[in-house]
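So you can see what is in the structure, the chains are spelled out below.
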Protein chains: 2
Amino acid sequence: MSTIKPTPAPTLRRLPKYLEYLHEAKRKGIASISCTTIANDLKLDSVQIRKDIGITGIVGKPKTGYNVDELIHSIEKHLNWDDMSSAILVGAGNLGKAFLGYENFKKYGLNIVVAFDKDRNKIDGNIFNVPILHIDKMVDLTYRMKIHIGIITAPADEAQEIAELMILSGIRAIWNFAPRHLDVPDNIYVENAELSSDISHIKRRLKEITDKEKKYSESN
Amino acid sequence: MSTIKPTPAPTLRRLPKYLEYLHEAKRKGIASISCTTIANDLKLDSVQIRKDIGITGIVGKPKTGYNVDELIHSIEKHLNWDDMSSAILVGAGNLGKAFLGYENFKKYGLNIVVAFDKDRNKIDGNIFNVPILHIDKMVDLTYRMKIHIGIITAPADEAQEIAELMILSGIRAIWNFAPRHLDVPDNIYVENAELSSDISHIKRRLKEITDKEKKYSESN
């Protein structure tokens, strides 16, 4: 029995960028493309690109490179984007509501089919055609719908409890937008969205850039 | 002249999690705390936590550990969160509009003061008290306001052009939500939000988990 080799995380981060680029190339009428061209346009390393693309199973032709359509199909299949996955979302605040109307998620094969909130004032009707229900209904409904992906856009102090309810509901992968470490069993995958970490990065790096310039101008 | 040592990226990713935890500890009335306690509660390594915290400049006391208030202050100061930074946002679609009303950004010291869009139908008035203006006004206004952080929530094929306009506007750090590699000079910091990569990760890992279980159940 062969083991399933997980795709390296950095490859999974780069593949969507190639896809975006390839769709644009396709719109421009480009039929075949080489790793060198992709590398030049995206300012990335062509050996790396060849390796990443190779993981999806496609083989390029010498001289002409890859057929653009086939390459798009191969990457999308590997990323499982051709299969639309259903997801639930918990926390219908501003961010949660925006996600219900964010078309890019569908483009990447993620379809939020129902949202939940504990606040009865928020559960009135649909937003962008997605029903908002009370969280009491989550476990039973999610389990019956056989949904395996859950998105948490609730406040940090509710995140752990929601994660536990999600696991009871049959959720296997959690996309966590709450700035909180989730404690879950090993067989549950958690992807942390890290918005707060992104801001830390930006603010800290900006300070480092400006401090450096200040020192430089003072020493001159 | 001493050089400014950049804080390692993994530390910058962890510090906001400690902060969230410490604010909660403070709310519970806890006055001092040890790395071992933080490590146990967050299921992280205490040596790592001590090292991360040490980078912010605070020194703990033997036996009692850190004063919670001082520790919060030290981390927030290092992350530059105590300084509210102004930012502009370009792309007032669903995601962009949600960010204007997303209170957590302010909590992390990021204040979006004005948003821009190229669509004149979207620039009518304020959203969550943030004015939406036409992108033609961006360069002049941002430069005069001396704003250094720009957020891109526009479609992928507009991202590069917006980034270039931002740089002309005096923006030094870009938070990019468009699934597109931005080509910018070395002195500009880009933080990619990677929502599409997060989805790739989730879908791929979910497939790996379920394939593994399928193989396991078939072989038994």
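It should be emphasised that the depicted structure is a prediction, and the values quoted were computed from it without experimental measurement. Each residue is numbered by its place in its chain's sequence as written, counting from 1. Chain letters start at A and ligand numbers start at 1, both assigned in the order the entries are written. Whole-chain, interface and lining totals are the exception, using all residues; otherwise, since this is a predicted model, local features are given only for residues with pLDDT of at least 70 and side-chain atom pairs are given and counted only at 80 or more. Remark: hydrogens and water are excluded; side-chain values derive from all non-hydrogen atoms of the structure.

Quick look at the relation of the copies chain A and chain B
Here is step 1 of the chain: When the copies are superposed, the least-squares fit draws on C-alpha atoms of residues that have pLDDT of at least 70 in both. In the superposition of chain A on chain B (RMSD 0.0 Å, axial shift 0.0 Å), the rotation amounts to 180°. With respect to symmetry, the two chain copies, as superposed, fit the operation of a two-fold axis. Among all residues of chain A, the one whose C-alpha sits closest to the rotation axis is Ala98(A), at a distance of 2.8 Å.
Here is step 2 of the chain: We call two residues contacting when some pair of their heavy atoms lies within 4.5 Å. The residues that chain A uses at the interface reappear at the interface of chain B in 99% of cases, marking a shared surface.

Considering the packing of aromatic side chains
Here is step 1 of the chain: Two rings from Phe, Tyr or Trp (for Trp, the six-membered ring) form a pair when their centres are within 6.5 Å of each other. A pair whose planes differ by under 30 degrees is stacked, one over 60 is edge-to-face, and the rest are tilted. Scanning the model with the defined rule gives ten aromatic pairs over all chains in all.
Here is step 2 of the chain: Taken together through their ring pairs, the aromatic side chains of Phe99(A), Tyr102(A), Phe105(A), Trp175(A) and Phe177(A) make up a single cluster.

Here we look at the interface of chain A and chain B
Here is step 1 of the chain: Counting residues at the interface gives 74 residues for chain A, matched by 73 residues for chain B.
Here is step 2 of the chain: Approximately 7200 Å² of surface area, both sides summed, lies buried where chain A meets chain B, with 63% of it carried by carbon and sulfur atoms.
Here is step 3 of the chain: Salt bridge, as used here: a side-chain nitrogen of Lys or Arg that lies within 4 Å of a carboxyl oxygen of Asp or Glu. Here chain A is connected to chain B by six salt bridges.
Here is step 4 of the chain: The shortest N-O distance in the salt bridge between Lys43(A) and Asp183(B) comes to 3.7 Å.
Here is step 5 of the chain: Polar contacts, as counted here, are pairs of nitrogen or oxygen atoms within 3.5 Å of one another; within protein the pair requires one atom able to donate a hydrogen and one able to accept it, and residues that are adjacent in sequence qualify only if both atoms are side-chain atoms. Counting across the chain A and chain B interface gives 24 residue pairs in polar contact (both at pLDDT 80 or more).
Here is step 6 of the chain: Strands are runs of DSSP state E lasting at least 2 residues, helices are runs of H or I lasting at least 4, and numbering of each runs from the N terminus. Elements supplying a minimum of two residues to the side of chain A that touches chain B: α1 (9-27), α5 (94-100), α6 (103-107), α8 (156-168), β8 (173-176), β9 (189-192) and α9 (195-218) of chain A.
Here is step 7 of the chain: Sort the elements by how many residues they give to the side of chain A that touches chain B and α9(A) lands first, with 20 residues.
Here is step 8 of the chain: Residues are grouped as follows: Ala, Val, Leu, Ile, Met, Phe, Trp, Tyr, Cys and Pro are nonpolar; Asp, Glu, Lys and Arg are charged; all remaining types, including Gly, are polar. Residues belonging to the side of chain A that touches chain B are distributed by class as follows: 33 nonpolar, 18 polar and 23 charged. A simple way to read buried area is as the amount of 1.4 Å-probe accessible surface that goes missing from two parts once joined, with both sides added.

With respect to the domain arrangement of chain A
Here is step 1 of the chain: What the domain assignment lists for chain A is domain 1 (9-78) and domain 2 (85-196).
Here is step 2 of the chain: Just the C-alpha atoms count here: the centres of domain 1 of chain A and domain 2 of chain A sit 32 Å apart. Domain ranges listed in this record stem from an automatic or a database domain assignment.

Notes on helix α3 (residues 46-55) of chain A
Residues and elements named next belong to chain A.
Here is step 1 of the chain: Those residues of α3 that sit buried are Ile49, Asp52 and Ile53. Axial view of α3: buried residues confined to an arc of 95°, hence all on one face. Every exposed residue of α3 that faces more than 90 degrees away from the buried side is listed here: Val47 and Lys51.
Here is step 2 of the chain: Lining the buried residues of α3 we find α1, α2 (35-42), β2 (66-67) and α4 (68-78).
Here is step 3 of the chain: Two residues or fewer past α3, Gly57 is found with a positive phi of approximately 100°. A simple rule labels every residue: compare its accessible area, found with a 1.4 Å probe on the protein chains alone, to the largest value its type can have, and call it buried under 20%, exposed over 50%, or partly exposed in between. Comment: arc refers to directions from the helix axis out to C-beta atoms.

Observations regarding the sheet that holds strand β7 (residues 149-152) of chain A
Here is step 1 of the chain: DSSP calls a pair of strands paired once it identifies at least 2 bridges connecting them. Spatially, the seven strands line up as an open sheet ordered β5-β6-β4-β3-β7-β8-β9 (chain A), and their pairing is mixed. Only two strands of the sheet have a single partner each, and these edge strands are β5 (126-127) and β9 of chain A.
Here is step 2 of the chain: In terms of strand pairing, strand β4 (residues 110-117) of chain A meets strand β6 (residues 130-134) of chain A through three bridges, oriented parallel. When the bridges of β6(A) are listed, Phe116(A) appears paired with Leu133(A).
Here is step 3 of the chain: Helix-sheet contacts for helix α9 (residues 195-218) of chain B involve β3 (85-90), β4, β7, β8 and β9 of chain A, and the interaxial angle to β9(A) is about 175°. Every angle, taken between N-to-C directions, lies between 0 and 180 degrees, and every axis is a line fitted to C-alpha atoms, over only the stretch in contact when it is a helix.

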